[in-house]
Amino acid sequence: MSAEAADREAATSSRPCTPPQTSWFEFLLEEALLEQHLQKPSPDPPPVQLIVQFLEQASKPSVNEQNQVQPPPDNKRNRILKLLALKVAAHLKWDLDVLEKSLSVPVLNMLLNELLCISKVPPGTKHVDVDLASLPPTTAMAILLYNRWAIRTIVQSSFPVKQVKPGPPQLNVMNQMQQEKELTDNILKVLKEQAADSILVLEGALKLNKDLYVHTIRTLDLLAMEPGMVNGETESSTAGLKISAEEIQCQVCYDLGAIYFQQGSTNAAVHEKAKEMFFKTKELIAKNGSSSLHFTIDEERLAGYCQACGVLTLSSDDTSQQATPYSQIHRCMKSGNYQDIVNIFLEDNLTLSLPVQFRQSVLRELFQKSQQGNDALDEVCFKVCVCNTVCDVLQGRTVDVQFCQLFLKPSKEKIDFLLEVCSKSLHLENASEALKRKMAAFLKNLCLGLEDLQLVFMISSHELFMKLLKDDERKLLIDQMRKRSPRINLCTKPVASFYDIPASASVNIGQLEHQLILSVDPWRIRQILIELHGMTSERQFWTISNKWEVPNVYGNVILGIKDSLTRDLVYILMAKGLHCCAIKDFVHAKQLFAACLELVTEFSPKLRQVMLNEMLLLDIYTHEAGPGASGERPPSDLVSRVRGYLEMRVPDIPLRQVIAEECVAFLLNWCENEYLTMQVPLPLVQTNPYVKEDIVNDIAAEHISIWPSSIPNLQSVDFEAVAVTVKELVSYALTINANNHFWLIIQADIYFATNQYSAALHYYLQAGAVCSDFFNKMVPPDVYTDQVIKRMIKCCSLLNCHTQVAILCQFLREVDYKTAFKALQEQNSHDAMDSYYEYIWDVTILEYLTYLHHKRGETDKRQIAIKAIGQTELNASNPEDVLQLAAQRRKKKFLQAMAKLYF
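What counts as what
Residues numbered from 1 in each chain as written. Predicted model: local features only at pLDDT ≥ 70, side-chain atom pairs only at ≥ 80, totals over all residues. Heavy atoms only, no water. Helix = DSSP H or I, 4+ residues; strand = E, 2+ residues; numbered from the N terminus. Buried < 20%, exposed > 50% of the residue type's maximum accessible area, 1.4 Å probe, protein only. Axes fitted to C-alpha atoms, helices over the stretch in contact; angles between N-to-C directions. Left-handed = near helix turned anticlockwise from the far one by under 90°. Contact = heavy atoms within 4.5 Å. Nonpolar A, V, L, I, M, F, W, Y, C, P; charged D, E, K, R; others polar. Expected span 1.5 Å × (residues − 1).

This paragraph deals with unusual backbone geometry. Even without glycine at this site, W94 takes up a positive phi of about 55 degrees. Mapped onto the elements of the fold, W94 is located in the loop between α4 (76–91) and α5 (96–102). A residue is classified by how much of its surface remains accessible, and W94, at 1% relative accessible area, is buried. The backbone of F775 shows a phi angle near 65 degrees, a positive value even though the residue is not glycine. Looking at the element boundaries, F775 is found in the loop between α36 (757–770) and α37 (786–798). What makes F775 buried here is its relative accessible area of 2%.

Shown next, in the form of structure tokens:
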């Protein structure tokens with residue numbers, strides 16, 4: 001090599017290769033700031049992404065004078081960058097759970113290889129050939145970390161991953177993703193080839209009976225010193241963060257158990273080793289506690305592994321382990337011992353340890369086996385179904401359809417077994433009143449559904465039935481059963497709709513009217529009314545109780561129903577529902593209203609809307625009395641329904657004043673004040689007293705606390721003088737500081753209040769421009785609030801710039817599709833309609849535009865809208881940050897275009 005070339009190489013290797021637009025001084029300053037941050041007593045954890053940035057900078061290839069790409073040079077800058085990445089990982093205590101969640105496989109592979117290198121593990125060394133006991137503690141720990149990560153990565157790669165639907169091709173993104181995938185696959189291939197060695201290394205680590213140490217920021221600094229300055233401390237047993245031998249064993253056992261479990265599906269011996277490893281992990285956690293570990297273990301996943309392997313107790317004697325109900329049922333299904341399954345389910349009705357989904361899946365499997373020709377399983381299916389049904393009843397769930405189907409032909413044996421299950425599932429001495437009521441209701445309904453009076457007597461004379469029901473309840477039920485004639489069974493159909501339930505035979509009219517007054521069961525109410533109308537057609541049964549009151553606005557509509565049975569039924573259901581709502585019995589109120597809604601939906605759209613309105617009021621009351629009382633916010637769908645009611649103006653629908661008042665109070669209670677003063681169409685303002693145009697007169701004030709909250713004598717105030725003073729004051733203030741965005745908003749509000757909409761837009765846009773570098777940055781949300789955007793929307797609407805209205809509707813916290821769609825329907829728009837389509841990023845609005853132009857036959861404009869939809873950055877499959885960037889770009893361009901128009 002020539003002297004000139006040698007000098008050039010020396011200069012190149014010694015010259016720092018700085019990142020783009022970053023001087024060496026700035027780079028060292030960043031390093032010093034990071035050092036200072038990491039060495040604070042209790043610093044906030046730095047973002048793991050710093051590791052990515054440091055390693056990416058350190059691994060950037062260089063370019064020589066012949067423009068040839070060379071590997072990254074091993075110079076001081078790159079060594080510092082790698083050291084910084086290691087320091088961030090050391091600050092996180094080398095927690096693989098944290099690192100794996102945030103770093104890709106290639107980046108973590110690079111980081112751990114750097115750890116091996118700085119820990120004096122020669123490159124290319126086979127770890128299985130190294131004696132861990134003879135190595136320095138930090139070196140041994142580095143090898144363990146690498147091999148633990150290798151095993152964990154292999155296990156993780158075997159899990160199924162939901163395929164993401166690919167979006168439109170983006171060349172640079174696709175190339176980057178493809179490169180990373182190929183790199184990951186190559187690393188995984190190597191790790192799997194070395195899996196056996198990694199397992200041997202970890203198995204060897206279990207024989208270590210000494211504490212190890214992992215590198216900290218301090219030991220990394222010592223290693224980075226010049227060779228002559230190192231005092232040998234990093235080679236001793238006291239350097240770094242101490243990791244106890246038991247903690248190391250706990251981590252290694254867990255990771256080995258995971259790889260054994262993966263391999264054990266085809267190898268029983270390996271499966272047993274997995275079981276042993278998870279058992280040891282549980283023992284160590286129980287002994288030391290998970291809070292004492294430096295590295296966390298996912299105890300939920302460990303519990304899943306233990307369940308799958310049958311690790312049940314902390315006793316090391318496997319013969320003493322009792323199988324869980326899951327494994328017992330699994331064995332019974334395999335061996336065909338189905339009676340034991342019934343016993344397990346019966347016992348579980350008291351403990352309720354089996355999830356309802358598992359119970360249902362076992363029953364489905366039994367049904368499938370039965371349908372494949374195993375008739376002996378019919379009885380087992382019935383018994384398991386009965387156990388499930390009683391469990392459902394006690395937990396407040398509805399009776400399953402399968403129970404009704406299996407009970408179509410009840411027998412003495414079936415009734416006997418049902419009563420046995422009910423008795424064994426409810427210990428009356430310890431049961432709560434709620435459980436007793438649920439069981440009593442179930443047995444009463446069962447009696448009502450039985451045709452055979454002997455079977456009814458079996459139930460009513462049973463000890464459990466006699467203890468659950470009072471004497472008068474039993475007597476009333478038995479008398480009713482005896483007096484009725486045979487009728488169609490209630491369970492002739494799997495799911496009975498409101499009109500499918502048949503009526504029973506005639507009984508005394510007085511008794512039926514008494515039951516009608518007392519009953520809150522909509523199905524029973526209908527049944528009684530059918531029987532009463534079968535006895536006489538002269539009575540109006542909605543009049544038998546003076547407690548049944550329906551508002552006059554509804555009464556006129558209901559009493560206009562021609563069919564007398566339907567009229568009675570609708571009136572009574574609504575009256576009882578309103579009564580239940582008044583006494584806060586919301587459960588029965590909802591059942592009655594739901595039944596009434598189903599009934600009127602078939603013949604009266606007007607009454608259907610009435611019932612929807614009443615159910616909305618009921619849901620408001622239910623929330624305020626339940627979750628709302630403890631401060632829980634209402635669900636978004638309830639808020640939307642309330643808003644929809646306030647905006648609704650369907651002709652000829654009778655409305656109760658109290659519903660609107662409660663809706664407004666509901667919005668005020670939950671700080672939805674802004675909605676009540678939002679911009680709404682003029683016809684709605686004129687017809688809806690609960691939406692005030694106060695938005696017109698509401699002028700923003702920066703220091704609202706110093707303004708008077710009330711005025712004792714309004715007549716003494718000269719409002720015109722106040723208005724002139726405010727205008728002059730704001731104008732003067734803007735001469736002093738023309739770039740105060742809050743004063744500009746106030747000026748815009750003044751023009752808005754005085755109907756000077758073009759001038760108002762000028763100042764709204766100027767306020768946004770001065771605080772965003774002419775919209776090159778995002779306008780702060782406290783400047784362009786929803787209220788400001790809504791005022792800008794109204795300005796554009798009154799200036800007939802309807803496309804601008806639709807675009808601004810996207811700026812709101814929740815896109816106002818209703819206003820946007822209505823604006824786009826206007827055909828007298830004064831703005832250049834289709835030239836604004838490039839500023840729309842909401843695909844729903846673009847799709848509506850496409851439909852609208854197609855409907856109007858405007859082919860050219862439709863093609864422009866289709867072209868806007870087809871832009872790849874608007875694809876819904878894109879990552880959220882890509883979609884947000886697309887929206888920000890269009891916001892910027894639109895606001896700049898608006899500013900040029902109104903400035």
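Next up on the list: the packing of helix α38 (residues 802–809) against helix α42 (residues 880–902). Look at α38 against α42: their axes get within 12 Å of each other, and the N-to-C directions meet at 140 degrees. Crossing angle aside, the handedness with which α38 passes α42 is left-handed. Here α38 contributes Q804, I807 and L808 to the contact with α42, which in turn contributes F894, M898, L901 and Y902. Its residues placed into classes, the contact of α38 with α42 shows six nonpolar, one polar and no charged.

Glancing now at the environment of E203. Take E203: it is sitting in helix α9 (residues 195–205). Overall, E203 belongs to the partly exposed group, its relative accessible area being 22%. Between the C-alpha atoms of E203 and L256, which are 53 residues apart in sequence, the distance is 7.9 Å. Contact partners of E203, with chain neighbours within four places excluded, come to L256, Y260 and K273.

In this section: helix α6 (residues 105–118). Relative to the 20 Å expected for 14 residues at 1.5 Å per residue, α6 spans 20 Å between its end C-alpha atoms, a close match to the ideal helical length. Of all 14 residues in α6, 11 are buried; the element is thus mostly enclosed. Of the residues making up α6, those classed as buried are V105, P106, V107, L108, N109, L111, L112, E114, L115, L116 and I118. K120 sits one or two residues past α6 and shows a positive phi near 70 degrees.

Honestly, that's just the spatial picture; any functional story needs more than this.
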